[in-house]
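Observations on chain architecture
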Amino acid sequence: MFKPHVTVACVVHAQGKFLVVEETIRGKALWNQPAGHLEADETLVQAAERELYEETGLRAQVQHFLRLHQWIAPDNTPFLRFCFALDLPAPLPTAPQDSDIDRCLWLPAEEILQAPNLRSPLVAESLRCWQQPARYPLSMLAAFNWPFPA
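Here goes a summary of the coordinates provided. Note that the structure is predicted; figures quoted are calculated from it, not measured. (Residues numbered from 1 in each chain as written. Predicted model: local features only at pLDDT ≥ 70, side-chain atom pairs only at ≥ 80, totals over all residues. Heavy atoms only, no water.)

So, the side chain of Thr 7
- Turning to its location among the elements, Thr 7 is positioned in strand β1 (residues 5-14).
- Taking the relative accessible area as the measure of exposure, Thr 7 reaches 9% and is therefore buried. (Helix = DSSP H or I, 4+ residues; strand = E, 2+ residues; numbered from the N terminus. Buried < 20%, exposed > 50% of the residue type's maximum accessible area, 1.4 Å probe, protein only.)

This is the structure:
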């Protein structure tokens, strides 16, 4: 049965720098946006804010929806990645809550876009989307519960 992985990611910007998380996968330090899987009991926005906290220690609200990316990983795993934007007035100290995260870094866009150690091509693509003017309201992602209230 076909079942894509539904993930969320946050492009976090402050004063010309972007927040990336570093994690070691198969012995290699890789960079990603704060990101992770949608859980059964949460909305996409809740998932993005939860992942932001777990991976960076930052409690903040996402401000915009950037883009939905569909990607098939090299092992043929399909992903739907909902990407959100968050602009902060200044880079904040981080404290990852997830033991899988080695550290967080605030870096200029050029350094991330040229990095050879991105977890997937979606990291650079999400940053390129942030660099475009399009921002979408979070209301585009309406969540419904069943049954509907009478």
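Points about the packing of aromatic side chains
- Applying the stated criterion to the full structure yields 4 aromatic pairs.
- Through a chain of ring-to-ring contacts, three or more aromatic side chains come together here, namely Phe 65, Phe 82 and Phe 84.
- In this structure, Arg 59 is placed above the aromatic ring of Tyr 53, and the distance from its NZ or CZ to the ring centre is 3.8 Å. (Phe/Tyr/Trp six-rings, centres within 6.5 Å; stacked < 30°, edge-to-face > 60°. Lys NZ or Arg CZ within 6 Å of the ring centre and 35° of its normal.)

Comments concerning the pairing of β1
- Counting buried positions over the 10 residues of β1 gives 8, a clear majority of the element.
- The sheet contact formed by β1 and strand β6 (residues 78-88) spans 10 bridges and is parallel. Following the sheet pairing, Ala 14 is matched in β6 by Leu 88.
- Bridging between β1 and strand β4 (residues 35-37) involves 3 bridges; their strand directions are antiparallel. (Pairing = 2+ DSSP bridges.)

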